[in-house]
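Structural overview for review
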Amino acid sequence: MPKISVEIPQELLDDLDGHVGDDGKFVNRSDAIRASVRKTLDILDEIDDRHDRLESDERRES
């Protein structure tokens, strides 16, 4: 899996860290960020689909 580097404001990182660890929803920061990226891309695909901006082979089964 490729690695990337991002810069985010400390406040956002602190909020992210609140969801990571033994008491959090995610095992580590990477898992939390991957889940967030997936969710954001799914939402963007749904918006594009509603506005007929997806190629026909990219449309998801409803």
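Before reading on, note that the structure itself is shown above.
Now for a look at the structure at hand. Each residue is numbered by its place in its chain's sequence as written, counting from 1. Residues qualify for local features only when their pLDDT is at least 70, as the model is predicted, and side-chain atom pairs are given and counted only at 80 or more; totals for whole chains, interfaces and linings, by contrast, use all residues. Values shown for side chains rest on all heavy atoms present in the structure; no hydrogens or waters enter the calculation.

**Let's talk about the layout of surface pockets**
Counted only if it meets this: Cavities and pockets were defined on a 1 Å grid built over protein atoms only: a cavity is a set of grid points that admits a 1.4 Å probe from which the probe cannot escape, a pocket is an open set flanked by protein on both sides within 12 Å along at least five of seven lines, and lining residues are those with an atom within 4 Å of any such point. Grid points are joined across faces, edges and corners, and a volume is the space filled by probe spheres set on the points. Secondary structure elements are taken from DSSP: a helix is a run of H or I of four residues or more, a strand is a run of E of two residues or more, and numbering for both begins at the N terminus. Three residue categories are used. Nonpolar comprises Ala, Val, Leu, Ile, Met, Phe, Trp, Tyr, Cys and Pro, charged comprises Asp, Glu, Lys and Arg, and polar comprises the others, including Gly.
Roughly 730 Å³ of volume is contained in the largest pocket. Val 6, Arg 29, Ser 30, Ile 33 and Arg 34 are, among the 20 residues lining the largest pocket, the residues nearest its centre. Of all the secondary-structure elements, those providing two or more residues to the lining of the largest pocket are helix H1 (10-17) and helix H2 (29-50). Ranked by the residues each element gives to the lining of the largest pocket, the list is headed by H2, at seven residues. Broken down by class, the residue content of the lining of the largest pocket amounts to twelve nonpolar, four polar and four charged.

**Describing the packing of H1 against H2**
A pair of packed helices can be characterised by two numbers: the angle between their axes and the separation between those axes. Spelled out, the test is: Geometry is summarised by axes, namely lines fitted to C-alpha atoms with helices restricted to the contacting stretch, and by angles between N-to-C directions that run from 0 to 180 degrees. Working rule for angles: under 35 degrees goes down as roughly parallel, over 145 as roughly antiparallel, 65 to 115 as roughly perpendicular, anything else as oblique. Note on definitions: a residue-residue contact is assigned when non-hydrogen atoms from the two residues lie within 4.5 Å.
Where H1 contacts H2, the axes come no closer than 10 Å and their chain directions differ by 105°. Taken together, the axes of H1 and H2 lie roughly perpendicular to each other. Between H1 and H2, the residues in contact are Leu 13, Leu 16 and Asp 17 and Arg 29, Ala 32 and Ile 33, respectively. The residue makeup of the contact of H1 with H2, split by class, is four nonpolar, no polar and two charged.

**Description of a nonpolar patch on the surface**
To keep things clear, this is the line we draw: Distance thresholds for patches are 9 Å for like charges and 5 Å for nonpolar side chains (Val, Leu, Ile, Met, Phe, Trp, Tyr), applied to residues having over 30% relative accessible area and no salt bridge. In this description, accessible areas are obtained by the Shrake-Rupley approach with a 1.4 Å probe, and a residue is regarded as covered only by the protein chains that are shown. Here, a salt bridge means any Lys or Arg side-chain nitrogen found within 4 Å of an Asp or Glu carboxyl oxygen. Throughout, exposure labels follow a simple rule: accessible area from a 1.4 Å probe, protein chains only, divided by the maximum for the residue type, with under 20% read as buried, over 50% as exposed, and the rest as partly exposed.
Taken together, Ile 4, Val 6, Ile 8 and Leu 12 make up a surface patch of nonpolar side chains, about 400 Å² in accessible area. Residue placement: Val 6 occurs in the segment before H1. The exposure class of Val 6 is exposed, given its relative accessible area of 52%.

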